[in-house]
Amino acid sequence: MTDLNEICPDIESNDPIERAMAMCLESKSKNPIEMMKIMMEYPGVPFHGPVHHVLVPFAVLTAYKNSGGELDLPAALDMAYKRGSIIPAAVCGHWGSCGAALGCGIAFSIITKDGPLAGEIWSKDQIMVSNCLSSIAQYGGPRCCKRDTYLAIPVAAKFFEDYLGVKIEIPEKITCFVSEKNSVCLKEVCPFNPYYRG
């Protein structure tokens, strides 16, 4: 992986991960949804796909740090890349666990130093990820990486506030900016679609 400290903030790399890392290191935003919208528009970020499994923890970790959480952000982003990049494509349908929820779990585990031999914190990470998955599952398929990201991050943010005492900024209303480009969009059933019927 590129040395993050050498990346210029106005990097024009075609690698969306490098661009996302650079943006996160320079960002003062406390809003992970805002950061996700910027990163998801980078060239090289497909509409759906495993890059979201890395971008989600990037946005959550950055918002946590900018909201007053103690964190070595360059090291955290590097660890998030290593963990998120091994989550395969279509894990939601093939394993029954969406990568957006797992990305939130990656962020939580990095912050809390959770691991397979941890005690109480191991349980907390499982609960948070399961809460994210429950929110995602309510709307059914087919999958949409944008929708699932917008569903998972607010759930994780609430858990971070309750358990870690760090309030991450989440917009009151999240509106999808690409629904018309998604051939399998749930349309008015999706809570982020401009024409959502509730």
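Cut-offs used in this document
Residues numbered from 1 in each chain as written. Predicted model: local features only at pLDDT ≥ 70, side-chain atom pairs only at ≥ 80, totals over all residues. Heavy atoms only, no water. Axes fitted to C-alpha atoms, helices over the stretch in contact; angles between N-to-C directions. Helix = DSSP H or I, 4+ residues; strand = E, 2+ residues; numbered from the N terminus. Parallel < 35°, antiparallel > 145°, perpendicular 65-115°, else oblique. Contact = heavy atoms within 4.5 Å. Nonpolar A, V, L, I, M, F, W, Y, C, P; charged D, E, K, R; others polar. Expected span 1.5 Å × (residues − 1). Buried < 20%, exposed > 50% of the residue type's maximum accessible area, 1.4 Å probe, protein only. Arc of directions from axis to C-beta. 1 Å grid on protein atoms, 1.4 Å probe; cavity = no way out; pocket = protein on both sides within 12 Å on 5 of 7 lines; lining within 4 Å. Points joined across faces, edges and corners; volume = space filled by probe spheres on them. Phe/Tyr/Trp six-rings, centres within 6.5 Å; stacked < 30°, edge-to-face > 60°. Left-handed = near helix turned anticlockwise from the far one by under 90°. Core = buried A, V, L, I, M, F, W, Y, C linked by side-chain atoms within 4.5 Å.

Asks: Before we move on, can you summarise the packing of helix α1 (residues 16-26) against helix α3 (residues 52-66) with the specific residues and values?
Replies: Remark: α1 packs on α3, axes separated minimally by 10 Å, with the N-to-C direction vectors making an angle of 5°. Our classification of the angle between α1 and α3 gives roughly parallel. Where α1 approaches α3, its residues I17, A20, M21 and C24 are matched on the opposing element by V54, L55, F58 and T62. The residue makeup of the contact of α1 with α3, split by class, is seven nonpolar, one polar and no charged.

Asks: Account for helix α7 (residues 120-137), naming residues and giving values.
Replies: Because an α-helix completes one turn every 3.6 residues, residues spaced three or four positions apart along the sequence face the same direction. Between the first and last C-alpha of α7 there are 26 Å, a value that for 18 residues agrees with the 26 Å anticipated at 1.5 Å per step. What α7 keeps buried is the set I121, D125, M128, V129, C132, S135 and I136. Down the axis of α7, the smallest arc covering the buried residues is 120°, so these residues share one side. Turned more than 90 degrees off the buried face of α7, the exposed positions are E120 and A137. Looking at the packing, one finds that the buried side of α7 touches α6 (99-112) and α8 (145-164).

Asks: Go over empty space enclosed by the protein with me, naming the residues and quoting the values.
Replies: What the rule picks out here adds up to one cavity of 30 Å³ or more. If you add up the space inside the largest cavity, you get close to 70 Å³. Contributing to the lining of the largest cavity are F47, C144, R147, C176, S179, N182, C185, L186, C190, F192 and N193. Each residue belonging to the lining of the largest cavity can be placed in one class, and the counts come to seven nonpolar, three polar and one charged.

Asks: Could you give an account of the environment of E26, with specific residues and numbers?
Replies: Structurally, E26 can be placed in helix α1. According to the relative accessible area criterion, E26 is partly exposed, its value standing at 45%. Taking the C-alpha atoms as reference points, E26 and V129, 103 residues apart in sequence, are found 28 Å from one another.

Asks: I'd like to hear about the packing of aromatic side chains, residue by residue, with values.
Replies: The geometry of an aromatic ring pair comes down to the distance between the two centres and the angle between the two planes. This model, assessed by the stated rule, comprises six aromatic pairs. Residues F159 and Y163 carry aromatic rings whose centres are separated by 6.1 Å and whose planes lie at 25° to one another, so their mutual orientation is stacked. Of this pair, F159 and Y163 both sit in helix α8, four residues apart, which is roughly one turn of the helix. Cluster of aromatic residues (ring-pair linked, three or more members): Y64, F108, F159, F160 and Y163.

Asks: Explain the packing of helix α4 (residues 73-84) against α6 residue by residue, including any values.
Replies: Viewed as axis vectors pointing N to C, α4 and α6 meet at an angle of 135°, and their least axial separation amounts to 10 Å. Put simply, α4 runs oblique to α6. As for the relative orientation of α4 and α6, their crossing is right-handed in sense. Packed against α4, whose contacting residues are A76, M79, A80, R83 and G84, the element α6 presents I106, S109 and I110 at the interface. Residue composition of the contact of α4 with α6, grouped by class: five nonpolar, two polar and one charged.

Asks: Quick one: what's the story with the nonpolar core, residue by residue and with numbers?
Replies: As a rule of thumb, nonpolar side chains are buried together in soluble globular proteins. Formed by 59 residues in total, the largest nonpolar core has its most connected members in M39, L55, F58, L61, C104 and F160. Broken down by secondary-structure element, the contributors of at least two residues to this core are α1, α2 (32-40), α3, α4, α6, α7 and α8. With nine residues, α3 is the largest single contributor of residues to this core. Ignoring sequence-local partners within four residues, the contact set of C104 consists of V56, V60, M128, C132, A152, I153 and A156.

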